[in-house]
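What the coordinates show
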Amino acid sequence: MSEQFLLAVDWWCQSTRAPWTWTPKLYIGVWIVMAALLGTYGWAMRKRARSVGLDARDKRAILWFVLGALALWAATDWPLGLLGSGYLLSVHTTLYLIYTMVAAPLMVIGIPSWMATNLFDRVRGWGVYRWSVKPWIAAIVLNVALVFTHLPFIVDPFRSSQIGSFALDAIWLLSGAVGWLPVLTPFRDDRIAAPIWKCVYLFIAFGAFPMLPGAFITFSPLPLYRVYELAPRFGDWTPEDDQQLAGALMKVGNIPILWTVIAAVFVKTALSQNRSERRVNLVDDDGRPVPEDDEATPEPDVPSTVGSASSAPAR
Amino acid sequence: MAIDAPPHLEPPPEAPVPRDRGRGPIGLIVVVGLVLVAIGIVAFIAGGDEDPAATDAEQTSFYGRPVEPAIERPDFTLIGTDGQPYDFQAETQGQLTFLFFGYTNCPDVCPISMATLTDALSKLNRVGAKVVFVTTDPSRDTPERLAEWLRMFPVDVVGLTGSIEQLEAAQRAAGVTVAIAEAPDANGKYTVGHSSAMNVYTPDDLQHLSYPAGTVQSEWMRDIPRIVADPNWNTAKGVAVIGAYAGPSSGGSSAVYVSLANDGSDDVLAGVESPDATGASLHRTEGTTMVESDEIDLPTGSSLVMQPGGTHLMLEGLTREVAEGDTVRVVLRFRKAAPVTVEVPVLSFDDLAERMAE
């Protein structure tokens, strides 16, 4: 690898104040992190396949994880990653939403319980896990990270360095994963059991609180972030326009995903209750339940968002 | 979206998970981290307003770099966007003025520096400031192009261009690095290396501050009102009237004697008129002869004392006869300084004779 090539290649997207160009740029750190994530995950799956084999749930988990990794890659690499790091605050906010609302939950769903067990054993992470799976802790971690990573005196220096920019992205991904743990943890015993509380948690943690910093950003009379105010402009867009859009995205950009999830929780709950009632009604003359031939059987390989204590593996 | 699996389809139970392992210091680290972040939030919220407990040094410091010793407002004449000559010193004298050298094809520094300043001025209701943008790329920045580009900013900006030599001289006069055009690429495009400093001239016609590229709106919003309020920088220098008297009228004419001091830059008394007379002219003595003069030089640091038998102003066709105790008004016009209207007391002939004897 020549010295010239190394000089031309960056580790992570950062603010450079250089005029924007549509010429693609290689960010070696992004590829290394993606390779490490997918490589480690693939290695664990392969090891599992060789030892006890992969069941349908594991195969579905692979799909979720790969989708999450793809979302992560799209949000981190050129062009979105660079636009969000050094040009447009609205893209920065969009990336936050992708990290926390798309990549993080997909990757959490994509980790089976046996893999999580191995992981926490290796990194001695059970203590952290037991803390962060508590809804109030998870909500605090998620939103403290949200505020922290949007403080002007944090964003400006962090986005101006590759390591700092990497750190912000890592905080987003980890805090997003923590935020989803109470409803998507691989250990079903630990999930919020009641659908209504699940929805309340999601609304408060992902919907209600971000409205506060979102409003602050939207209605600030001056550009808050030096990085984005001094970035070369995109057409007639002023930093104020960009900031207002960013604030609006933070306030309402999560609504499509959040309310889709909440709606799915309700629909599933309704379907589940319906099935239970039909089981109760289908009894023979002796009062024993009659099995339904035509009842749609849920796929056994999909992790639940309506967790129940009885579904958890014994520990 | 994930769907619950009924209990009878759950995978076989796995080995018990030893979930109490490793709880030791990690929980404490998380708590400490949360506390630190909470402190950050409080600091962010509290940091929105000016800290009333800030020290005097913080209160009086500026984001701009101090220029010490202060530099005089430069003297150069270029071409405005209307195609007419624009004398920078004369047009901006005594006014808060922001001077920037750049070019309209600049991809970053120029539009951003101009935008942050003009956005702040717009929000401050302009505070009577003048913004002047001088191109360093005259071949592309025609007056029309300059005018079009400057229209994108929220306040009026004076755009100036000229020949390469004129522009280089202007940059040297302003004390900034002279711009250099890079070699064009294959498409004929090129950039121009130029100073990124924003020179700020205060009403005392001096530059006390220079703002670097990267000054943001909030910094301008904080500094500009303080620049305007600084009493040391807002005393306009230039030509001052230090005395005036006139003689009684005779045959509809009267002589007026005005004394001037110039502590500003070189200037010229370029004309006189009076609302109390149909004609007014400058007269000076050459040897023993009194001749009418178009203008009288007022070099920097000089004073001009008019007196009977010497230089004076002559009012002709007075609209009324004037005598001791009356006043006449004269308007003095200078090449650079703003016109000055003087209310001149009329003395008696005896007083005039005494003045002449002095």
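Residues numbered from 1 in each chain as written. Chains lettered and ligands numbered in written order. Predicted model: local features only at pLDDT ≥ 70, side-chain atom pairs only at ≥ 80, totals over all residues. Heavy atoms only, no water.

**A few points about the overall build of chain A**
Stated formally: Secondary structure is summarised from DSSP: a helix means a run of H or I of at least four residues, a strand means a run of E of at least two, and numbering begins at the N terminus for each. Each accessible area value is a Shrake-Rupley result obtained with a 1.4 Å probe; residue values ignore everything except the protein chains displayed when judging cover.
Secondary structure summary: chain A contains 15 helices and zero strands in total. Entry remark: accessible area of chain A is about 14,400 Å², with carbon and sulfur atoms responsible for 68%.

**Examining the overall build of chain B**
Our working definition: Remark: exposure states derive from per-residue accessible area (1.4 Å probe, protein chains only) relative to the maximum for the residue type, with buried under 20%, exposed over 50%, and partly exposed in between. Contacts are residue-level and defined by heavy atoms, with any inter-residue pair within 4.5 Å sufficient.
Secondary structure assignment for chain B yields eight helices and 20 strands. Every one of the 358 residues in chain B was classed for burial, and the buried ones make up 47%. Look at the contacts in chain B between residues 6 or more apart in sequence, and 69% of them connect residues 24 or more apart. Of the accessible surface of chain B, which amounts to about 17,500 Å², a share of 54% is contributed by carbon and sulfur atoms.

**Considerations on the confidence of the model for chain A**
Note the cut-off: Scored from 0 to 100, pLDDT records how confident the predictor is in each individual residue.
Taken residue by residue, chain A gives an average pLDDT of 87. The fraction at 70 or more is 85%. Between residues 293–315 of chain A, whose pLDDT stays under 50, and residues either more than four places distant or in other chains, the model counts 77 contacts.

**Focus on the packing of aromatic side chains**
Using the following cut-off: In this analysis, rings of Phe, Tyr and Trp, with Trp reduced to its six-membered ring, are considered paired at centre separations within 6.5 Å, and the interplanar angle assigns stacked below 30 degrees, edge-to-face beyond 60, and tilted for intermediate values. Here, over-ring charges are defined by two tests on the NZ atom of lysine or the CZ atom of arginine: distance to the ring centre within 6 Å, and angle to the ring normal within 35 degrees.
Applying the stated rule across the entire model yields 28 aromatic pairs over all chains. Between Tyr-96 of chain A and Trp-172 of chain A the ring centres are 5.4 Å apart and the planes differ by 80°, which places this aromatic pair in the edge-to-face class. Here Tyr-96 of chain A is found in helix α5 (residues 89–109), whereas its partner Trp-172 of chain A is found in helix α10 (residues 162–184), with 76 residues between them in sequence. Residues Tyr-96 of chain A and Trp-172 of chain A agree in their burial class; the two are buried. Three or more aromatic residues joined by ring pairs make a cluster, and in this case those are Trp-20, Trp-22, Trp-78 and Tyr-87 of chain A. The ring of Trp-131 of chain A is capped by Lys-134 of chain A, whose NZ or CZ atom sits 5.6 Å from the centre of that ring. Just above the ring of Tyr-190 of chain B sits the side chain of Arg-140 of chain B; from NZ or CZ to the centre is 3.6 Å.

**So, the sheet that holds strand β16 (residues 296–298) of chain B**
Residues and elements named next belong to chain B. Note the cut-off: Strands pair, by our definition, only if DSSP identifies at least two bridges between them. Lines are fitted to the C-alpha atoms to define the axes, a helix being fitted only along its stretch in contact, and any angle between axes, read from their N-to-C directions, falls within 0 to 180 degrees.
A sheet is described by the order of its strands in space; here four strands give the open sequence β16-β13-β19-β20, paired in antiparallel fashion. Two strands lie at the open edges of the sheet, namely β16 and β20 (340–345), each paired on one side alone. Averaged over all pairs of adjacent strands, the angle between strand axes in this sheet comes to 40°, irrespective of strand direction. For strand β13 (residues 267–273) and strand β19 (residues 327–334), the ladder comprises four bridges, and the chain directions are antiparallel. The residue of β19 that forms the bridge with Val-272 is Leu-332.

**Notes on the pattern of salt bridges**
Convention followed: Here, a salt bridge means any Lys or Arg side-chain nitrogen found within 4 Å of an Asp or Glu carboxyl oxygen.
On inspection of all chains with the given rule, the structure shows twelve salt bridges over all chains. One salt bridge connects Glu-219 of chain B with Arg-226 of chain A, and the closest N-O pair in it is separated by 2.2 Å. Pair noted here: Glu-219 of chain B is in helix α7 (residues 217–229) and Arg-226 of chain A is in helix α13 (residues 226–229), and the two residues belong to different chains. On the accessibility criterion, Glu-219 of chain B (11% relative accessible area) is buried. For Arg-226 of chain A, a relative accessible area of 28% gives the class partly exposed. For Arg-333 of chain B, the salt bridge identified is with Glu-273 of chain B, shortest N-O distance 3.1 Å. Within this pair, whereas Arg-333 of chain B is found in strand β19, its partner Glu-273 of chain B is found in strand β13, the two being separated by 60 residues in sequence. Salt bridges sharing common partners tie together Arg-222, Asp-223 and Arg-226 of chain B.

**Re the side chain of Thr-118 of chain B**
All names here are of chain B. The following threshold applies: Counting of polar contacts relies on pairs of N or O atoms within 3.5 Å, with two restrictions inside protein: one atom must be capable of donating a hydrogen and the other of accepting it, and residues adjacent in sequence are counted only when both atoms are side-chain atoms.
Tracing the sequence through the fold places Thr-118 in helix α4 (residues 109–123). Separated by 2.6 Å, the side chain of Thr-118 and the backbone oxygen of Met-114 make a polar contact. Every residue in contact with Thr-118, bar those within four places of it in the chain, is listed here: Phe-153, Pro-154, Val-155 and Val-157.

**Some words on the nonpolar core**
Residues and elements named next belong to chain A. For clarity, the threshold we go by: For our purposes a nonpolar core is just a set of buried Ala, Val, Leu, Ile, Met, Phe, Trp, Tyr and Cys residues, chained together by side-chain atoms within 4.5 Å.
Ranked by size, the top nonpolar core spans 75 residues in total, and within it Trp-180, Tyr-201, Leu-202 and Phe-206 carry the most contacts. At 14 residues, α5 tops the list of elements feeding residues into this core. Each residue touching Leu-202, except ones within four places of it in the same chain, is listed here: Trp-180, Val-183, Gly-207, Leu-258, Val-261 and Ile-262.

**So, the packing of α10 of chain A against helix α11 (residues 195–208) of chain A**
All names here are of chain A. Cut-off, in case you're wondering: Angle categories are assigned with fixed cut-offs, so that under 35 degrees is roughly parallel, over 145 is roughly antiparallel, 65 to 115 is roughly perpendicular, and the rest are oblique. The crossing is said to be left-handed when, going from far helix to near helix, the turn is anticlockwise and less than a right angle, and right-handed when the turn is clockwise. In this classification, the charged set is Asp, Glu, Lys and Arg, the nonpolar set is Ala, Val, Leu, Ile, Met, Phe, Trp, Tyr, Cys and Pro, and all remaining amino acids, among them Gly, are polar.
At a minimum axis separation of 9 Å, α10 and α11 run at an interaxial angle of 165°. One element, α10, and the other, α11, form an angle in the roughly antiparallel class. In the crossing of α10 with α11, the sense of the turn from one axis to the other is right-handed. Residues Gly-176, Val-178, Gly-179, Trp-180, Pro-182 and Val-183 of α10 form the contact with α11, whose own contacting residues are Lys-198, Tyr-201, Leu-202 and Phe-206. Class assignment of the residues belonging to the contact of α10 with α11 gives a composition of seven nonpolar, two polar and one charged.

**Focus on the packing of α4 of chain B against α7 of chain B**
Residue and element names in this part refer to chain B. Relative orientation of the contacting elements α4 and α7 amounts to 50°, with a least axis distance of 8 Å. As judged from the angle between their axes, α4 and α7 are oblique. Handedness of the crossing formed by α4 with α7: right-handed. Only Gln-217, Trp-220, Met-221 and Ile-224 of α7 make contact with α4, whose side of the interface consists of Thr-116, Leu-117, Asp-119, Ala-120, Leu-121 and Lys-123.

**Observations concerning the environment of Gly-264 of chain B**
All names here are of chain B. Position of Gly-264 among the secondary structure elements: in the loop between β12 (253–262) and β13. Under the relative-accessibility criterion, Gly-264 is labelled buried at 9%. Between the C-alpha atoms of Gly-264 and Pro-85, which are 179 residues apart in sequence, the distance is 22 Å. The residues contacting Gly-264, other than those within four sequence positions of it, are Lys-237, Gly-238, Thr-300 and Gly-301.

**Focus: the sheet that holds strand β1 (residues 65–72) of chain B**
Strands in a sheet are paired, the pairing made by backbone hydrogen bonds, and the direction either parallel or antiparallel. Residues and elements named next belong to chain B. One open sheet holds the eight strands; their spatial order is β1-β10-β9-β4-β5-β6-β2-β3, and the pairing between them is mixed. Looking at strand neighbours, the two that pair on one side only are β1 and β3 (85–87), the edges of this open sheet. For this sheet, the mean angle separating the axes of adjacent strands, direction not counted, is 35°.

**Things to note about the environment of Ser-220 of chain A**
Residue and element names in this part refer to chain A. Take Ser-220: it is sitting in the loop between α12 (211–219) and α13. Overall, Ser-220 belongs to the buried group, its relative accessible area being 17%. It is 8.4 Å that separates the C-alpha atoms of Ser-220 and Gln-244, two residues lying 24 residues apart in sequence.

**Brief notes about the pairing of strand β5 (residues 130–135) of chain B**
Residue and element names in this part refer to chain B. Operational definition: Note on handedness: a crossover is taken as right-handed if, strands pointing away from the viewer, the path from the first strand over the helix to the second is clockwise.
Within β5, five of the six residues are buried, which leaves it mostly tucked inside the rest of the structure. Here six bridges tie strand β4 (residues 97–102) to β5, and the two strands are oriented parallel to one another. In the strand pairing of β5, Thr-97 is matched with Lys-130. Across three bridges, β5 lies against strand β6 (residues 158–161) in parallel orientation. Bridging across to β6, Val-134 finds its partner in Leu-160. The handedness of the β5 to β6 crossover, carried by helix α5 (residues 143–150), is right-handed.

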